[in-house]
Amino acid sequence: LHDALPIYGRWISLMPTNQYFISGTSESITDPQIVEFMDAVVDTGYLNFEDLQKKGLMKFWSNIAIHRYENGDFKYIFYGTNLVASFGSERTGLNVSELDNPIRRQELSDALMEVLNTKKTIYATGNLMIDGKGYHQWQQVKMPLRRNGKINEVLSFIVFNRTS
C-alpha cells in the first residue's frame, strides 16, 4: 500500500522559462491545467485570497481546496466541485482530523504544515488507492495563501486523470 501513497515534499523550482522543474530532478510538471494555474499565479509572490476572486482565476475554483490552520487543526474552508466529485464527498467545514483514513489524515496534515512553515509551494502526485479509487490519478500543488495580511491558509490546486 505504501507505493500508492502520494509523494509530498517535492519542491517546485520556478524557472525563468516558465517551466516548473521539481527540485533535485530534471523532471518537469507537464499537466496542462497545473502549468496554466502556475502561470496565472507565479508572478504574484504570495497569493492573496482577494486575487483568487479576479475573473482570470475564477475558472480554477472547481479544482481548489483551501485549508485554514486554527486551533491546532486544518479546516477545509473551501472545497471545489471537481474535488467533491472525485473524492466522493463535500468537506467544506470539516477538519483534517475528521478524515476517516488515518494515513491520509497524517499525510495531509504534514504536507499542509510543511507549506505553512516553509512558505514554499510543493508538488505531489499520487492516486486514491488507499481510498479504494486507485483509478483516480492526481497531481497537485500546495502553496501558502495570504488573507487580510496573514498567511495561515494553504491553497491546493488538484487535477485528476481517470486511468480506467
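Preceding this paragraph is the structure being described.
Bear in mind that the values here come from a model prediction, so they are computed numbers and not experimental data.

1. Quick word on the side chain of Glu 153
So, step 1. Here Glu 153 is to be found in strand β8 (residues 150–162).
So, step 2. Judged by its relative accessible area of 1%, Glu 153 is buried.
So, step 3. In terms of polar contacts, Glu 153 uses its side chain to reach the side chain of Arg 147, at 2.9 Å.
So, step 4. Apart from residues no more than four positions distant in its own chain, Glu 153 is found in contact with Ile 66, His 67, Arg 68, Ile 77, Leu 116, Met 143, Pro 144, Leu 145 and Arg 147.

2. Focus: the packing of aromatic side chains
So, step 1. Taken as a whole and assessed by the stated rule, the structure comprises seven aromatic pairs.
So, step 2. Centre to centre, the rings of Tyr 69 and Phe 74 are 4.8 Å apart; their planes meet at 50 degrees, and the pair counts as tilted.
So, step 3. Residue classification places Phe 74 among the buried residues on the basis of a relative accessible area of 2%.
So, step 4. Look at Tyr 76 and Tyr 79: their rings are 5.4 Å apart centre to centre, the planes differ by 85 degrees, and that puts the pair in the edge-to-face class.
So, step 5. Since its relative accessible area comes to 6%, Tyr 79 is described here as buried.
So, step 6. Aromatic rings pair up to connect Phe 37, Phe 60 and Phe 157 into one cluster.
So, step 7. When the ring centre of Phe 49 is taken as origin, the NZ or CZ atom of Arg 147, which lies over that ring, is 3.7 Å away.

Cut-offs applied
Residues numbered from 1 in each chain as written. Predicted model: local features only at pLDDT ≥ 70, side-chain atom pairs only at ≥ 80, totals over all residues. Heavy atoms only, no water. Helix = DSSP H or I, 4+ residues; strand = E, 2+ residues; numbered from the N terminus. Buried < 20%, exposed > 50% of the residue type's maximum accessible area, 1.4 Å probe, protein only. Polar contact = N/O pair within 3.5 Å; in protein donor to acceptor, adjacent residues only side chain to side chain. Contact = heavy atoms within 4.5 Å. Phe/Tyr/Trp six-rings, centres within 6.5 Å; stacked < 30°, edge-to-face > 60°. Lys NZ or Arg CZ within 6 Å of the ring centre and 35° of its normal.

These figures capture arrangement, not role.
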